[in-house]
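# Descriptive analysis of the structure
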Amino acid sequence: MSMLEVQNLNVRYLTENGASEVIKDISFQVEKGEIVGLAGESGSGKSTAMLAVMGLLDGRAKIQCRTLSLGGGPVRPGYNAAMIFQDPLSSLNPSLRIGKQITETIRLRQKCNRKEVAARAEELLDMVGIHNPSLRMRQYPHELSGGMRQRVVLAIALACSPDLIIADEPTTALDAVVQAQILSLFKRIVRETGTSLLLVSHDMGVTAALCSRVYVMHQGKIVEGGSAEDIFYSPAEDYTKRLLADARGSRKVPAKAAESTPLIRLEHVTKTFDPSEGIRDLSAEICKGEIFALAGESGSGKTTTAKVLTGILCEDSGHLYYKGKLLPGKNRMEAFGGRVQMVFQDPCASLNPGLTVRQALREALLASARRGGETPDPGRTDRKITDMLELTGISGGDADRYPGEFSGGQRQRIGIARALITGPELLVCDEALSSLDATTREQILDLLFDLQKKIGFACLFISHDMYVVRRISGRIGVMYGGRLIEAGSTGTVCSDPWHPYTKQLLESVPEPDPLRAAKVKAAPSKERGQDAGKGCPFAGKCGYAMECCLSEIPETLRFGERQVACFLYSEAHSGKRDRNYKMTSQI
């Protein structure tokens, strides 16, 4: 008997225009102690199906199912089944300490005193890989990193002693290193507890790394199912083949050749919030017409760099130059005159839901006109809006629709159109593709390439997704702990990393191939003892660390087009080299 058995599940929504069928007669099963994947692009119905199984859909949904059982009985959320959602911060109560949120779940399940409950909570936090659980019990969700919050959510799920855990896109917002740690954690939990796991994901690499069997969903139907090897190596359906082709992304569209003249230059820029957050002594430049990528884990300082560059934040020290001219620390947005624009991660949050697309783009044009002291012509403004929408793949006839009427990929296209309509010289994309499925991501990548060829803007592309960084950028900078630790051409850095963290980041990316993905090893999350603010930021996790790494900050060394901040490349710490020695990777 299967642990979870679902036969002929149908879900309909009652609307003003009649019934809309979103889940169409799907059937699947999960065995005890098995990890099964439900894969497909955004909008395919994966999450709706899981919410239906858990009984979490609202009253508008009409659910029909011939068989829905867990271990031979009904599915009881919070008792024999638990669900982990994509965003752990929205799943946790921001006003309650971590310990309180775990202990209240334990109390609902077990009869025990306060001391026993606290001990069990600490045991669960230790089980999911959180070090110093007694300290974390006293903290609030906002005090933890994204990876730690996801571990806490898993601890709460395990507090239910569930027979089944449904994980809905649990690693989408995590960088490759933390993602590998979470995937390894899932495997260990299933192996040690015998819990079944149903993974819902649009990431085929994650699915390949974790699952023994896979179901593929498309337009509310399961179009194919089988072992992971069957799905990834010999798919039968055209949709599955396209999904895998998009995930592998074998083609790289050549970026527009960049000029050598720097458009933006940062020199020794520092912006800190506390001893462990912000950016420190950062120097970099973005040339006209190039796509420069900033990569690194969450909290490494990528977004802070973008906010300082655009003027959202003011640096504590250092200088920024625009076309060779020193920029003021304050009123930087005015100094740019709208020539620097930003595309954010969540287009739904960055677009005003109360404005139509036309109104949103017109607002951007009016603001640009006011800065230039111009009086816009209404007819010319509407033509420009239509032209820009069609250039980004949105029909001009859709200009009077609201953001909520578009898909996630379409909303991101609208966000790009709003950013480009003022004619910027620099476009800053901050995790602009991280929430999109592989197919939509490929479409937006192609769009950015095409627009750059036609318009010629430079781009700062910020991402924790190394696959996307490889696809889009000509040069790359890798950040860790608020510092730029390695930079160079994307091809050479990704094929031959010099810094130990860069190598770890690249090795943590799971490929959409079960055999290769299974070889990805999670980096250790525990650090060596190190005084806060001293030494190399990566020293505590580095297998090559020397004593100097724990107390001294490495300078940035340049070797041709490559720059690296690591004592392995310093003659002062690793020994003198022959004058004709050509530097190569030391790891």
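Presented here is an overview of the structure given in this document. (Residues numbered from 1 in each chain as written. Predicted model: local features only at pLDDT ≥ 70, side-chain atom pairs only at ≥ 80, totals over all residues. Heavy atoms only, no water.)

## Here's the deal with the sheet that holds strand β13 (residues 317-322)
Just so we agree on the cut-off: Pairing between two strands requires that DSSP report at least two bridges joining them. In DSSP terms, a helix is any run of H or I states spanning at least four residues, a strand is any run of E spanning at least two, and both are numbered starting from the N terminus. Should any heavy atoms of two residues lie within 4.5 Å, those residues are counted as being in contact. Angles shown run from 0 to 180 degrees and are taken between the N-to-C directions of axes, each axis being a line fitted to C-alpha atoms and, for helices, limited to the stretch in contact.
With antiparallel pairing, the 4 strands of this open sheet are ordered in space as β11-β10-β13-β14. Across the chains shown, the open sheet's two edge strands, defined by having one partner strand only, are β11 (277-287) and β14 (325-326). Two strands pair when backbone bridges link them, and strand β10 (residues 262-274) and β13 are joined in this way by 5 bridges, in the antiparallel orientation. Paired with leucine 266 across the two strands is leucine 320, which belongs to β13. The strands touched by helix α11 (residues 302-310) within the sheet are β10, β11 and β13, with β10 carrying the most contacts at an inclination of about 120°.

## A short note on the nonpolar core
The nonpolar side chains of a soluble globular protein tend to be buried with one another. Applicable threshold: Take the buried Ala, Val, Leu, Ile, Met, Phe, Trp, Tyr and Cys residues and link them wherever side-chain atoms come within 4.5 Å; each set so joined is a nonpolar core. Relative accessibility decides the category of a residue: with a 1.4 Å probe and only protein chains considered, values under 20% of the type maximum give buried, values over 50% give exposed, and everything between is partly exposed.
Of all hydrophobic cores here, the largest spans 55 residues; its most connected members are Ile102 and Leu154. Per-element tally for this core: the top contributor is helix α6 (residues 146-159), with 9 residues. The contacts of leucine 154, once residues within four sequence positions are left out, are Ile84, Val128, Ile165, Leu185, Phe186 and Ile189. Counting 36 residues, the second-largest nonpolar core is a separate cluster that includes Val357, Leu361, Leu389 and Ile421.

## A few points about the packing of helix α3 (residues 98-109) against α6
Formally: Here the word oblique covers every angle except those under 35 degrees (roughly parallel), over 145 (roughly antiparallel) and from 65 to 115 (roughly perpendicular). By convention the crossing between two helices is left-handed if the near helix lies anticlockwise of the far one by an angle smaller than a right angle, and right-handed if it lies clockwise. In the scheme used here, Gly and all other residues not listed as nonpolar or charged are polar, with Ala, Val, Leu, Ile, Met, Phe, Trp, Tyr, Cys and Pro taken as nonpolar and Asp, Glu, Lys and Arg as charged.
It is the contact of α3 with α6, at a shortest axis distance of 8 Å, that shows an interaxial angle of 15°. One finds that α3 runs roughly parallel with respect to α6. Note on packing geometry: the crossing formed by α3 with α6 is right-handed. Contacts from Ile98, Gln101, Ile102, Thr105, Ile106 and Arg109 of α3 reach α6 at Val152, Ala155, Ile156 and Ala159. For the contact of α3 with α6, a count of residues per class yields 7 nonpolar, 2 polar and 1 charged.

## Thoughts on empty space enclosed by the protein
Cut-off, in case you're wondering: Whether a set of points on the 1 Å grid over the protein atoms alone is a cavity depends on a 1.4 Å probe fitting there but being unable to get out, while an open set qualifies as a pocket with protein on both sides within 12 Å along at least five of seven lines; lining residues are those with an atom within 4 Å of a point. Grid points are joined across faces, edges and corners, and a volume is the space filled by probe spheres set on the points.
Scanning all chains against the criterion turns up 4 cavities of 30 Å³ or more. Put simply, the largest cavity is a space of about 80 Å³. As for the largest cavity, its lining consists of 13 residues, of which His499, Cys536, Cys542, Cys549 and Cys566 are closest to the centre. Counted as a void, the second largest cavity has a volume near 70 Å³. If you trace the second largest cavity, you find it lined by Leu266, Leu282, Ala284, Glu285, Ile286, Phe292, Leu294, Thr305, Leu309 and Leu460. Counting only elements with at least two residues in the lining of the second largest cavity, the list comes to β11, β12 (291-295) and α11. For the lining of the second largest cavity, the class distribution of residues is 8 nonpolar, 1 polar and 1 charged.

## Here we look at the pattern of salt bridges
We apply this condition: Basic side-chain nitrogens of Lys or Arg form a salt bridge, by our definition, when they fall within 4 Å of a carboxyl oxygen of Asp or Glu.
Per the counting criterion, the structure on display carries 21 salt bridges. Where arginine 362 meets aspartate 382, a salt bridge forms, and the shortest distance between an N and an O atom there is 2.9 Å. With arginine 362 in helix α14 (residues 357-371) and aspartate 382 in helix α15 (residues 378-391), this pair connects stretches of sequence that are 20 residues apart. In this structure arginine 362 comes out as partly exposed when scored by relative accessible area, which is 28%. Classification of aspartate 382 by relative accessible area gives partly exposed; the value is 27%. For arginine 401, the salt bridge is made with aspartate 398, and the minimal N-O distance between the two is 3.3 Å. Taking relative accessible area as the criterion, arginine 401 reaches 26% and is therefore assigned partly exposed. The network of salt bridges with common partners includes Arg358, Arg362, Asp382 and Asp400.

## Some thoughts on the layout of surface pockets
The calculated volume of the second largest pocket comes to roughly 820 Å³. In this structure, the second largest pocket is lined by 36 residues; those nearest its centre are Arg441, Asp465, Tyr467, Val509 and Pro510. Elements with a contribution of two residues or more to the lining of the second largest pocket: α7 (176-193), α8 (204-210), α10 (238-248), α17 (438-455), α18 (466-472) and α19 (490-495). Each residue belonging to the lining of the second largest pocket can be placed in one class, and the counts come to 15 nonpolar, 10 polar and 11 charged.

## Things to note about a nonpolar patch on the surface
Selection criterion: Each patch is built from salt-bridge-free residues with over 30% relative accessible area, joining like charges within 9 Å and nonpolar side chains (Val, Leu, Ile, Met, Phe, Trp, Tyr) within 5 Å. Accessible areas in this description were obtained via Shrake-Rupley with a 1.4 Å probe; residue shielding takes into account the shown protein chains only.
On the surface, a nonpolar cluster with roughly 270 Å² of combined accessible area is contributed by Ile312, Met333 and Phe344. Here phenylalanine 344 lies in the loop between β15 (340-343) and α13 (347-350).

## Remarks on the packing of aromatic side chains
Here is the rule we go by: Aromatic rings from Phe, Tyr and Trp, taking only the six-membered ring of Trp, are treated as a pair when their centres fall within 6.5 Å; an angle between ring planes under 30 degrees marks them as stacked, one over 60 as edge-to-face, and anything in between as tilted. Distance and angle both matter: a charge sits over a ring if NZ of Lys or CZ of Arg is within 6 Å of the ring centre and within 35 degrees of the ring normal.
On inspection of all chains with the given rule, the structure shows 8 aromatic pairs. Between the aromatic rings of tyrosine 501 and phenylalanine 538, the centroid separation amounts to 5.4 Å while the plane-to-plane angle is 65°, which identifies the pairing as edge-to-face. Of the two residues, tyrosine 501 is situated in helix α20 (residues 500-507) and phenylalanine 538 in the loop between α21 (514-517) and α22 (547-551); the sequence distance between them amounts to 37 residues. Classification of phenylalanine 538 by relative accessible area gives buried; the value is 3%. Among the aromatic residues, ring-to-ring pairing joins Tyr480, Tyr501 and Phe538 into one connected group. In this structure, arginine 265 is placed above the aromatic ring of tyrosine 321, and the distance from its NZ or CZ to the ring centre is 4.4 Å.

## Quick notes on α17
Owing to its 3.6 residues per turn, the α-helix aligns residues three or four sequence positions apart on the same side. In plain terms, the rule: Under the convention used throughout, the expected extent of a helix is 1.5 Å for every residue step, that is, one less than its residue count.
The terminal C-alpha atoms of α17 lie 25 Å apart, and with 18 residues this matches the ideal 26 Å at 1.5 Å per residue to within 8%. Burial of α17 is extensive: 13 of the 18 residues sit out of reach of the surface.

## Some details on the sheet that holds strand β4 (residues 61-70)
Across the sheet, which stays open at both edges, the 3 strands sit in the order β2-β1-β4 with antiparallel pairing between neighbours. Across the chains shown, the open sheet's two edge strands, defined by having one partner strand only, are β2 (18-30) and β4. Here the average twist between neighbouring strands, direction ignored, is 10°. Sheet topology note: the strand β1 (residues 4-15)/β4 ladder contains 9 bridges and is antiparallel. By the bridge assignment, arginine 12 is partnered in β4 with lysine 62. Seen against the sheet, helix α1 (residues 46-54) touches β1, β2 and β4 and runs at an angle of roughly 105° to β1.

## Let's talk about unusual backbone geometry
For glutamine 219, which is not glycine, the phi torsion reads 50° and is therefore positive. Looking at where glutamine 219 falls in the secondary structure, it is placed in the loop between β8 (213-218) and β9 (221-227). Of the residues examined, glutamine 219 reaches a relative accessible area of 56% and is grouped as exposed. Phi is positive for lysine 323, close to 55°, though the residue is something other than glycine. Take lysine 323: it is sitting in the loop between β13 and β14. Relative accessible area serves as the criterion here: at 38%, lysine 323 is assigned to the partly exposed category.

## Examining the state of the cysteines
Put simply, the rule reads: Two cysteine sulfur atoms make up a disulfide if the distance between them is within 2.5 Å.
A complete count under the given rule lists 0 disulfides for this structure. Counting only cysteine sulfurs, cysteine 459 is the nearest neighbor of cysteine 429, a cysteine outside any disulfide, at a range of 4.0 Å.

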